[in-house]
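# Summary of structural features
Listed below, chain by chain, are the residues.
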Amino acid sequence: MTYRSSPLDLQPYLTIFPSLHVLVVAHQNVDGGLIDGIQDAFSMSDSTRNARTAKRVVVVRQRSKKLISTLNFHTRESIALHKNPRHHHSKFVASGATISGPMYMKKFISTYSMSSVDVKDIPVPEIPQCTDSLSDELLPDIPRRPRGARDHPLLVWRSEFQEIYLQELLRLEGRGDCVDVCAECNTNSPLYRCRDCFGGRMLCQECAVLGHALTPLHRLECWNGTFFQKTSLKSLGLRIQLGHAPGQTCGNPKHAFNDDFTVLDSHGIHAVAIDYCDCESVKSLVQQLLRVSWFPATTVNPRSATTFRLLQEFQLLSFESKVSAYEFYHSLARNSDNNGVLDIKGHYESFIRSVREWCHLKMLKRSGHGHDPAGIVNTSSGECAVLCPACPHPGINLPDGWESSPPHRKWLYADFVAIDANFRLKRKHVSSDAIDPSLSDGWGYFVEDSQYRTFLNKRQHDIQEKSTCSSHNAVNMADTKSSRGLATTGVGSIVCARHNFKYPNGVVDLEKGERYANMDYAFFSAMRHSSRNVLNVSYDIACQWHKNLWARMLAFPPALQLQHTIMNTRFFVPKFHLPAHIAKCHTLYSFNFLPGVGRTDGEAPERGWSSINPAASSMKEMGPGSRRDTLDDYFGDWNWKKLTGLGAILLRKLKDAICESAEYRVVLQELEDALMHDEPKAFAEWKEEVYAWEVDPSKTNPFDPKVETLTQAAIRLQLARDDVQALRDGTQVILHDNVSPSMLIASGLDLEEQQRRLSLDKASLGLHVSDRQEGSVFHKISSLQRRIDSWTAIQQLYMPVVSIIRQHLSTTSLGTDQPEDYALCLPSAVVAASGTCDKMLMEHEWKLRHAQAHDALHSLRQTLPHAALCSLAPYINKTGWQATLRSLRPDDIRSMTDMLGMETEGTRTFSWIWKVHGASRDKGDRDGSLDAMRIEWCKARARANRWTEEVELLMEEMRRTDQFLKWHASWWTERINILPVTDNSLAEGLIAYAHCQASLRHSLKDRFHSMWSSTLAACNSILSRTVNDEKEHFALSTSRIDLI
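As the structure is a prediction and not an experimental result, all values here were calculated from the model.

So, about the packing of aromatic side chains. Scanning the entire structure with this criterion turns up 35 aromatic pairs. Their ring planes at 35° and their centres at 5.9 Å tell us that Tyr521 and Phe556 sit as a pair that is tilted. With Tyr521 in helix α14 (residues 516-527) and Phe556 in the loop between α16 (549-553) and β25 (568-572), the pair connects residues that are 35 residues apart, well separated along the chain. Both residues of the pair, Tyr521 and Phe556, belong to the buried class. Look at Phe964 and Trp967: their rings are 5.5 Å apart centre to centre, the planes differ by 50°, and that puts the pair in the tilted class. Within this pair, Phe964 and its partner Trp967 are both found in helix α30 (residues 929-975), separated by 3 residues, close to a single helical turn.

Encoded structure:
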């Protein structure tokens, strides 16, 4: 056994237990979850249980030295057991080729503090009986580091150092240890100190000016005899020469306009004196400023500039914190004068203009358009966007001949697209496109605005069809959403559903709601950059949006139309949004059940909105062009951060997918073994049925039960219809004008439920009840009592015998004055007490109770309905229902895959609640139990296939990312050979930047490769072994795939 970077000295334990394989020492208290996690993590499938060796795990609590558990596991793999030190809790997991375990354990898999052991050919030791604790002799104390001051630095600072800190701060307000001569020339009297130079030396005026010739934006202070006052280098006589090398002066200098110039820098707002060069070889004023990294606010006689450093700081800060330009500028102004006593001119408008121009230029620079011989005007739509390297790009990261790849590989080259809208990114009626146009109209993530507006004007009178699914607001309110005072109500966007990259030309402004015209334009505009044969589209209203999509496409310009007839396009609803749809959508548009999608969830856009939403408040007041340019900048940064973090994200997902794939394969294999043994014929039919559905979704859906489950709502509706028909036929006697017999029983069941809830509310009150809580309970009591009084008055019309029963209850002290305990005397109680009751009323209660029992399977409140059914059944000759509606025990309340006690996957039993789905059409399928097993097998198979697909898809995405970065590095290298300029200094800058960008891509590629190499090697080994051991066939698109 070997240990590396172990947080504990385990040698004493190895001495005491020489045959020990793995020892887990828990720092914190250990609950059953740790033991279960270790046990599940080391549990092996049937294929590995014939191994020659075993592994022993001993778990010990450190402080009490209590032996928590001794576990034995058989394995034929080299297994690592380790603790992640980034988490405070003692969570240990095993990592290895054939490990399966609970999902919550997988996130702790890492490479920290790893201890490994090869258990091949190691004899299994004799394991003593587990005892409550180990003696001090057997388990020596592990020395603990004494806690000292470093464990509580804040408390130490408060008690011992805050006085010292305060004194030093005040000391810096004076001249300190300054002598009476200048620290530089040692002659003159020093009166000046620089706040930004190291050491804070006192200098004379001449030395202060000479010493800051190369740092003209430092802040100086002057000692006036009693304290320091702010001053400037300009007032001391410093002039900044532009157009020449540092330290040189121009023979023909030219002052700035009115010799008044302002520079915005990280330290504040500075008034400076500058001299432009006006020699024969003079450059323009703008060029002279840019060459010292000052960004001029205007192009004609600029009076102010912003340093590149400040622009870069604001851009990064806005990306991370979404700070507005207004807040940032005024923070800068306060840094220059926090008291309001100085006269600092306002430069806010020039600052925001410079920021916008800066961000636009950085986008062009990073996308390589400074290297384009045709210049910026040659930029095409979407060319400035940061592309997703893991998505398929023909000619870049797809293998040769991918178009003709066999069916079992073609799904790996599919595009995953997600669509969504955000109504927080609204904009008021401010400015116009004529006054505030976009600088990068259509070059980034937004569509080209003029073409978009022209299209919308043609489609503004289109009436959007209503939803035939649930009442989706995105569909039904698309034309009615309020837009008062708003020029834009939000944005719609297209993103990569797998990696959450914004698509080029995939963002549009919305005028009202999610009208199809807007979202269609975003979709087709983004997809024109795609040339893949397989397209998976996710949209929260995909079931409605896709219906006439190709017909609507014909109204678009030819450049935006797709060749959909040669494409395999499938539509999905994101997993979080799917429950809001009708039952039919749950399988037709589910990422869980349809093949070839891995573990994609379709919720990527929602994660992206959470990052941009904090900037929504500042964007409301922007003009149209400013807002689009700002959002383009934010989206570009979002994509770039996703790209740089893609290595860690894909690796984490692959580790999770490997473990989950193995676990769900074991579950599926054991379930199929049992089915092949018990129901071989039915199982073969199920496989053919699910294969056929995956090829053609119009065929019978294997995930749907063959008989719908009863519900109270459906039964009440049917009884109401029966009442109406009976009144028409004159076969029913109504004793009350507003309440029929079925309504009486249904109301009684409602009162019964209200009694139960009131009892729970009263029981939940503690010893110290507030007046508000007590008042709420008394209000419920009075309300329930009034309802019971009204109901019992009508009940006596239909059931006169209840008055005798209640009189008997009052004389035997079984009655009560509390409404929650009041005996309602429904037919089930009456027939049990008197042996007789109106048969029609008993039939009504039976139907409602029967449906209530089915509903209770989902809400786990089945006791009262079951008892009532037991009372009613003998009197109305109801039999056979006990097989499906049994008495509910605590052990029954579990999912179909949960295990009880010492059960394993091979011996576990299903709770009866998962077998009630209605009668099957198959005569051998009694009470729906076999139909329920069919559905569970379909879901288990889908889960296993999706996880296996996820492993393959992630490996393919890693390969594509590697190839994309390699291609992009070559692309930048090629820019060197097409330089459009003859200026040597400019050419050198272009070459240097191209080499820098190529080197960056190579560095990312190498970094990702080093992160992935070991995991990919293990993954390939697992997949090759799995392919040899198991064969699972399933259909994808139009053919059956030999996946595993």
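After that view, the rundown keeps rolling.
Moving on to the environment of Trp638. Checked against the element boundaries, Trp638 lands in helix α20 (residues 624-644). The sequence separation of Trp638 and Ile612 amounts to 26 residues, and the corresponding C-alpha distance is 9.1 Å. Setting aside anything within four residues of it in sequence, one finds Trp638 in contact with Asn500, Lys502, Arg607, Gly608 and Ser611.

If you trace the 4 strands from one edge of the open sheet to the other, you get β15-β14-β18-β17, paired in mixed fashion. The open sheet has two edge strands with one neighbour each: β15 (268-272) and β17 (294-296). With direction set aside, neighbouring strand axes in the sheet form an average angle of 30°. Sheet topology places β17 next to strand β18 (residues 304-307); 3 bridges connect them, and they run antiparallel. Bridge pairing links Phe295 to Thr306 in β18.

Judged by nonpolar contacts, the single largest core of 96 residues is most densely connected at Ile494, Phe523, Met527, Trp545 and Trp937. With 14 residues, the top contributor of residues to this core is α30. Leaving out residues up to four positions away in the same chain, Trp545 has contacts with Ile419, Tyr516, Met519, Asp520, Phe523, Val537, Tyr539, Arg552 and Phe571.

A word on the pairing of strand β22 (residues 490-496). The side chains of a regular strand alternate, residue by residue, between the two faces of the sheet. Across the 7 residues of β22, 7 count as buried, placing the element largely inside the fold. On β22, burial covers both faces: Gly490, Gly492, Ile494 and Cys496 on one face and Val491, Ser493 and Val495 on the other are all buried. Both strand β19 (residues 415-422) and β22 contribute to a ladder of 6 bridges, which runs antiparallel. The residue of β22 that forms the bridge with Ala418 is Val495. Alignment of β22 against strand β23 (residues 502-510), held across 5 bridges, turns out to be antiparallel. Considered in β23, the bridge of Gly492 is made with Val508. The hairpin turn running from β22 into β23, its antiparallel successor, is 5 residues long, and Asn500 in that turn takes a positive phi close to 65°.

With that settled, consider unusual backbone geometry. In this structure, Lys322 takes a positive phi of about 60° despite not being glycine. In the Ramachandran plot, Ser431 falls in the positive-phi region, its phi being about 60° despite a non-glycine side chain. With respect to the helices, strands and loops of the structure, Ser431 is situated in the loop between β20 (427-428) and α12 (449-459). Overall, Ser431 belongs to the partly exposed group, its relative accessible area being 43%.

A few words now on the confidence of the model for the chain. Looking at the chain, the pLDDT average stands at 78 and 75% of residues meet or exceed 70. Low pLDDT (under 50) marks residues 59-140, which in the prediction has 233 contacts with non-local residues, meaning those over four places away or in another chain.

Attention shifts here to the side chain of Asp372. With respect to the helices and strands, Asp372 occurs in the loop between α10 (348-366) and α11 (407-410). At 3.1 Å, the side chain of Asp372 forms a polar contact with the side chain of Asn378.

By the secondary structure assignment, Ile419 is in strand β19. You can call Ile419 buried: its relative accessible area is 3%. Sequence separation of Ile419 and Ala497 is 78 residues, and the distance between their C-alpha atoms is 8.5 Å. Those residues within four positions of Ile419 in sequence are excluded, and the remaining contacts are Ser493, Ile494, Met519, Phe523, Val537, Ser538, Tyr539, Asp540, Trp545 and Pro605.

What counts as what
- Residues numbered from 1 in each chain as written.
- Predicted model: local features only at pLDDT ≥ 70, side-chain atom pairs only at ≥ 80, totals over all residues.
- Heavy atoms only, no water.
- Phe/Tyr/Trp six-rings, centres within 6.5 Å; stacked < 30°, edge-to-face > 60°.
- Helix = DSSP H or I, 4+ residues; strand = E, 2+ residues; numbered from the N terminus.
- Buried < 20%, exposed > 50% of the residue type's maximum accessible area, 1.4 Å probe, protein only.
- Contact = heavy atoms within 4.5 Å.
- Pairing = 2+ DSSP bridges.
- Axes fitted to C-alpha atoms, helices over the stretch in contact; angles between N-to-C directions.
- Core = buried A, V, L, I, M, F, W, Y, C linked by side-chain atoms within 4.5 Å.
- pLDDT = per-residue confidence, 0-100.
- Polar contact = N/O pair within 3.5 Å; in protein donor to acceptor, adjacent residues only side chain to side chain.

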